[in-house]
Every structure is written in C-alpha cells, then in structure tokens.
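This is what each chain is made of:
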Amino acid sequence: MRKGRQKGVSLLPATLFCDLCVPGLNSIIEEKGILNRKVKILRKIKSRESGGKRGTQIMLKFSELYPQANEKRLRISLDGAWKFRFDPEAKGGKEQWQNGLSDTILMPVPGSFADMFTDAHSRDYCGDFWYETEFFLPDEAEEKEYFLRFGSLTHRAVVYCNGIEVGSHEGGFLPVVVPISGAAKKGERNRLVIKLNNELNEESLPCGAVHQLKDGRKLVKPYFDFYNYAGIHRSVYLVSVPKESIEDYSVRYELEGDDALVHYSVRTNGTHPVKVELRDKEGVLVAEAEGSTGALRVKNAHLWKVRNAYLYSISILIMGEGKLIDSYTEEIGIRTVKIEGTKILLNGEPVYLKGYGKHEDFEVIGRGFNWGVAKRDFECMKWSGANCFRTSHYPYADEWYQMADEEGFLVIDEVPAVGMMRSMSNFAAAGSGSKYTYFFEAPTVPKLKAAHLQAVEEMIARDKNHPSVIAWSLFNEPETISEYAREYFKDIFDYARELDPEGRPLTGALEKTSSPEKCQCCDLCDFVCLNRYYGWYISGGPEIVDAREAFFDEMDRWEKRGLNVPFVFTEFGADTLGMEHKLPSVMWTQEYQSEYMELCFEVFDRYDFIQGELVWNFADFQASEGIMRVNGNKKGVFTRIRQPKDVAYRLKERWDKI
Ligand code: CKX
C-alpha cells in the first residue's frame, strides 16, 4: 500500500500552491493583456500584508469546467451512500484513517450530515469528520487524465485516493478538483477517503469561532445567521479527459445592430489547433471560427432576455491530423450588462430587479443540492413574478446557475464573505451597533484576505460564462466604516475587476451601520446594495410609524450623498410564523409581514435611483439556536417546505405589474 503524499504527481491544474500564479485564468487574462496588472495588484497586496517582505503564499485553485460526457470525455457520478465517521479527538491522521475507515455509518452524498441524525450531539458536531467510498476506474483504450470533481467540500478537506493524498482545499462553497491519475489503478476498484472539518475562525470564509463546552465538545459559533451545515453538499464526479484537452474558455458579447459578436478565448494544454462552433436552439450552425481567441459573428442574434432566455450552444474542438482530440459543448446566452447612471441595463434596456435573497437550505438534506428542491424554488419564484435572486451568502451549486440560464433569471453571485463584523450576536447586534469593533484591523486580516481573494477568483473562474450572472457581490454586511475596511475591500474589488472577462458590475450588501455619512466602501460598488429592516429590527410593531420616518430619512441622505448609481435592496423582511394570524396585527404574524412590506414598497416607489427589491428571504431557513430565532429564521415569503405565506400573494400582485 502506497502511503503519504503522491510522489512525482503534480497537483496541477487542480490545486496549486504557488506565489503569483493563477493558472485557471491566465489565457483569458493574457487576451485582455491584464496579466501584468494582476500580478502587480497581488504583489502590492501581499507585500503590504507581509510588512514589505515577499514570499507570502496564497493558495490558488483552478476550477475545472463543469464535467460532461462526450465521445472524448467520461463523467461518472459517485453520488450515493458513503461511509462516514466523526473524529472528535482528531486522531484519524495518526491512525491512518486514509487507508480505510472502521466503525462507520452510512451517509448520503450529496447532503449535510446534521439533520440526518436524531441526537443533538451528532447534529451539532464540530471538528474533523471523514467520508469513504469506492470507485471503479475503467481501463480506457486511450491514454487519459483522471480527476475527481467535488461541487464543494465544506469547509476544508484533504482528499486521499488509495491512501495517497491527492489534494486539499480550504473553503466550502466552490468546486474542488483533484487529479488522481498517479494514485488510482485502472481496471480496478479504488478507495476514496476524505477528511473534512467544519470549524470556523476569523481567517476563514465565512467567519466565526469555536467554543469549548464544559463536556469537552466543540461548538461552532457562526458570526452569521444560517446554520453551519457541513459535509459533501454537491455531486461528486469521476472525470476523464484526453491528455491534450480543453481546460477553460470564456466569452464576452458585443451587440452591433441586429448582430452580435461573441468574443471567445480558449485555453488548452497542447499545441493542436482549436475550432469553435456556435449553434442555435435548433442545432443549426450559425457561426464558426478557428484559433484559441477570436470572435463569432451572429447575424440577427436572438438575445438572452430576462425571463425569456434564448440559449445557443458553443462547441470547442481540438483537431489534430483530421481527427477529434477533445471537445466541450455548453449553452451560452448572448446579452450585455451595464450600469449607466442610476440604471441597470440588460442589452441596453433598463431592468428592475424583483426577487429574493435565498439560501441552499431544506428539511433533512440541509445544504445538500437536490434537483427537486431547486425546481420547486424556480417554480415558486416564477409564480411570484420574480426575475432575480442573490446567492446569499455563498456561491450555490453549479446546477442553480444552469437552471437560471434556462429560465432567464438574473443572479447576483455572492462570495462567502459573511460574518465580517464582530458583535455580540453579529447580524442582530449589527443593526444597533452594539459592541462594534473594527474588524479589519485584526492580525487575522492577511490570511482572511488571502482566503477572500481565493474565493473571488474561484467563483469568477467557475461562473463567468453563465448569462444569468449579472453581478458579483463581494461581501455581505461587513464592517465598512473604518479606513482598514476601505483598504481591505479596495484590493478585493480591484482583483475582481481584473478577473472577469465580461467586466460585470461589482457590489456588496451593506447593513445599517454602513450609513450614507459613514460608509467608506459604497463608492467601490457599481451599484449599491442595502440590507434594511425598518419596522423589524428598528422600530417594529406599534413604532412602525417611526420606522417609516427613519427609512425615508436615510434614503434622503443617500440621495444627498449623490453617488449617482443604482440602489438595490438586497434585504428587507420580517420574521413571520406560517400559522400565526392576528387582527389587528402584531409582529410575527402574517398580517404584520404584509403591512411591513407596504412600508417598504412606499419607500422603493419614491426614489428613482432604487432599481431593485430582493426580499429577505425566499423561504424560512435553519439558523443557530437562540432567543432571536424560533427553530430558524422565519422571514421566508414561503415556508421551509415551500408553501406560500400570505405575503407571497401581495408580492405576486405587485411584481406581475412591474
Ligand atoms: N442580514 C441586521 C443577514 C442575513 C440575516 C438577516 C436577518 C440579517 C439582518 C441584519 O443573513 O438572516 O437577521 O434576518
């Protein structure tokens, strides 16, 4: 049995520990001639953070293209019931559990482990935990490269194939791709073991802490308001690609009258020529080109429109000696996104965002991806007249974006930068400013920032070709009123700007302490996103009249600040128990939720620069226990099992008209 780290096998291109290398995007960036600028930005950031000393290591990971099966590529799902074991004493490494787990139970993949259990200690487990399964590696005639592709591993993981470490990853919401060609045996069954850990700290995204209980157990303390679900949340695939293969591609669009130009850039790992073909919905070839960068002219282009999507399919082929070496086909949508003054323009037309902040959250499966739940969510969103959602507070499973592309939904894609405010119970105390500290002056910042940059890079690398993604949200409710915050986020925004081949708008969601007078980061945003709770956390119930005054007052002050950009409400909402009614209303009843919304609508309709309303939240969701939460956050327009509360009908009435 081979042990220890895989010898002679490079972790490239999956996971790269290097100084100043970003393999996933280099060719795209070279096309735009921005590689040098990016290197400069990274150097500046790192040298500042290491007190001018060079050599700080940033771990950068390359997210592979979404796996697909075709005449040259293999994709085998490893989803199912895996072996599972907790490791509260963290002894798995010493006892070499990577060679096989004992005393295991079965655990579904994909899924969070927490709500599978009937005892609280298992549900709330914090620390290391392990998964194991087997896979058969086919003995293909052609020489191939083999990878494992995990949609995510929450929050950090080490992957072993036949006892050999083949990769590791920090961050629980983006793909992990590990090469296994050197460790796995062809024509045989291979053992796959994964060590995971779900602890949070102030250097991790999202942020939190770990508390030691008197009985010796660890308890995770998130600085955010959603349950810290962990496990293998998304599908796992065994993938094979030819030795010479397509590694990545990107597209950006230009509209010329009725025609469109699809500018593309392809990265391969070989020298053979690249061919690109574009087909319409009926499969008719509408444009083709040769070379790894170029443009496809589409005559009388069908544009991808809001809630009226048209998808073309782009095929990239590597040809050699008249034969196909590799191919990759994906659906893309032709559309442009731009901010002009206080308007958000899609294909040059103003669009008003209507919809929700969501969570990946459901009974039993926790944060595990499930096609049925996603389908129901889209149906409910469509029924209510929505056109947009924010992937609060982390990038979702790939399949959400595929569905959004298909359904013509607009997505604000968010990095897991949440919990960057240290206050008593964070999200709630934030509103009142209690125990407020300057989060970004702490010694943990350099590592946190490295993780943040990595997450931004991985998210843009993964999602850049989805027409549904119209903006990147780079934070949720951090401290933004200190010069430290400004310095921190300036670098995050600069980096994101350099990375996106389409140059989509950048934003971040600001909570109430980020006021028009104090916020030092709002001018980094191409459009400003506000999370506001006038009538809930501020002056709720009989005081709602004061809330109204305060809300208008704040908006007047934003107007006075004169940023001249669109504003979108990315959160507003009131906790509401699905069964609770009262006339006249009191807080927590369905009546109050509807009255609260009327106040918000009055404000939104008064100011031209308000260009969107995303209710918090689409559905009730699980959160940590506490006096602020009744078995979870109940601000859902739908219940956790996706049935409408009264307010859903009011939203539908309003949004059907906008
Ligand atoms: N915003 C005062 C972040 C979300 C929370 C939401 C809430 C807060 C409010 C901040 O993740 O769930 O309290 O409902």
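So, a few notes on the structure that sits alongside this text. This one's a predicted model, so the numbers in the text were calculated from it and none came from an experiment. (Residues numbered from 1 in each chain as written. Predicted model: local features only at pLDDT ≥ 70, side-chain atom pairs only at ≥ 80, totals over all residues. Heavy atoms only, no water.)

### Considerations on the overall build of the protein chain
Reasoning step 1: The helix and strand tally for the protein chain stands at 11 helices and 35 strands.
Reasoning step 2: The 658 residues of the protein chain split such that 62% are buried.
Reasoning step 3: For the protein chain, the share of sequence-separated contacts (at least 6 apart) that also reach a separation of at least 24 residues comes to 72%.
Reasoning step 4: Roughly 24700 Å² of accessible area belongs to the protein chain as shown, and the carbon and sulfur atoms make up 50% of that amount. (Helix = DSSP H or I, 4+ residues; strand = E, 2+ residues; numbered from the N terminus. Buried < 20%, exposed > 50% of the residue type's maximum accessible area, 1.4 Å probe, protein only. Contact = heavy atoms within 4.5 Å. Areas by Shrake-Rupley, 256 points an atom, 1.4 Å probe, with all protein chains shown as cover.)

### Here we look at helix α7 (residues 445-463)
Reasoning step 1: Given a rise of 1.5 Å per residue, 19 residues ought to cover 27 Å, and the 26 Å separating the end C-alpha atoms of α7 matches this to within 8%.
Reasoning step 2: Buried residues dominate α7, accounting for 17 of its 19 residues. (Expected span 1.5 Å × (residues − 1).)

### A closer look at the site of the ligand
Reasoning step 1: Looking at the ligand, there are 13 residues lining it, with D225, E477, Y537, E571 and K635 nearest.
Reasoning step 2: Interatomic distance of 2.6 Å between a side-chain N/O atom of E571 and a nitrogen atom of the ligand.
Reasoning step 3: Protein burial of the ligand: of its 360 Å² of free accessible surface, 97% is covered by the chains.
Reasoning step 4: The residue makeup of the shell around the ligand, split by class, is five nonpolar, three polar and five charged. (Near = heavy atom within 4 Å. Polar contact = N/O pair within 3.5 Å; in protein donor to acceptor, adjacent residues only side chain to side chain. Nonpolar A, V, L, I, M, F, W, Y, C, P; charged D, E, K, R; others polar.)

### Looking at the sheet that holds strand β19 (residues 259-268)
Neighbouring strands of a sheet are bound in pairs by backbone hydrogen bonds; such pairs are parallel or else antiparallel.
Reasoning step 1: As summarised here, the arrangement of the three strands in space is β18-β19-β22, forming an open sheet in which the pairing is antiparallel. Two strands in the sheet have a free side with no partner beyond their single neighbour: β18 (246-256) and β22 (293-298). Across the sheet, the mean angle from the axis of one strand to that of its neighbour is 20°, orientation sign disregarded.
Reasoning step 2: Sheet analysis places β18 next to β19, joined by 10 bridges and oriented antiparallel. Counterpart to D248 in the pairing with β19 is R267. (Pairing = 2+ DSSP bridges. Axes fitted to C-alpha atoms, helices over the stretch in contact; angles between N-to-C directions.)

### Details of the pairing of strand β9 (residues 144-150)
Reasoning step 1: By the criterion of burial, β9 is predominantly enclosed, with six of the seven residues buried.
Reasoning step 2: Bridging between β9 and strand β12 (residues 176-179) involves four bridges; their strand directions are antiparallel. Bridged to R149 within β12 is V177.

### Considerations on the packing of aromatic side chains
Reasoning step 1: For the structure on display, the rule yields 55 aromatic pairs.
Reasoning step 2: Ring centres 6.1 Å apart and planes at 50° place the aromatic pair F475 and F493 in the tilted group. Placement of the pair is F475 in strand β31 (residues 469-476) and F493 in helix α8 (residues 483-499), with a sequence separation of 18 residues.
Reasoning step 3: Accessibility expressed as a relative area gives 0% for F475, which makes it buried.
Reasoning step 4: One aromatic cluster is present, built from ring pairs that chain together F173, F224, F226, F369, W371, F378, F389, Y394, Y396, W400 and F409. (Phe/Tyr/Trp six-rings, centres within 6.5 Å; stacked < 30°, edge-to-face > 60°.)

### Points about the nonpolar core
Reasoning step 1: Core analysis: the biggest nonpolar cluster contains 98 residues, and Y356, M420, F489, M555 and F604 have the highest contact counts within it.
Reasoning step 2: If you look at the next biggest cluster of nonpolar residues, it comprises 37 residues, including F117, I180, A184 and V236. (Core = buried A, V, L, I, M, F, W, Y, C linked by side-chain atoms within 4.5 Å.)

### Overview of the sheet that holds strand β25 (residues 337-340)
Reasoning step 1: Spatially, the three strands line up as an open sheet ordered β25-β26-β27, and their pairing is antiparallel. Looking at the sheet topology across the chains shown, the edges are occupied by β25 and β27 (349-350).
Reasoning step 2: Of the pairings in the sheet, the one linking strand β26 (residues 343-346) to β27 comprises two bridges and is antiparallel in character. Directly across from L346, in β27, lies its bridge partner E349.

### Focus on the state of the cysteines
Reasoning step 1: Scanning the model with the defined rule gives zero disulfides in all.
Reasoning step 2: Lacking any disulfide linkage, C519 is separated from the closest cysteine sulfur, that of C522, by 4.0 Å.
Reasoning step 3: A relative accessible area of 4% places C519 in the buried class. (Disulfide = S-S within 2.5 Å.)

### Notes on the pattern of salt bridges
Between side chains of opposite charge, a pair can form as their charged atoms come close.
Reasoning step 1: Counting across every chain of the model gives 54 salt bridges.
Reasoning step 2: Two residues, K382 and E407, come together in a salt bridge whose shortest N-O distance is 3.1 Å. Of this pair, K382 sits in helix α4 (residues 371-383) while E407 sits in helix α5 (residues 398-407), placing them 25 residues apart in sequence.
Reasoning step 3: A relative accessible area of 17% places E407 in the buried class.
Reasoning step 4: In the salt-bridge network here, residues are joined through shared partners; they are D225, D575, R629 and K635. (Salt bridge = Lys/Arg side-chain N within 4 Å of Asp/Glu carboxyl O.)

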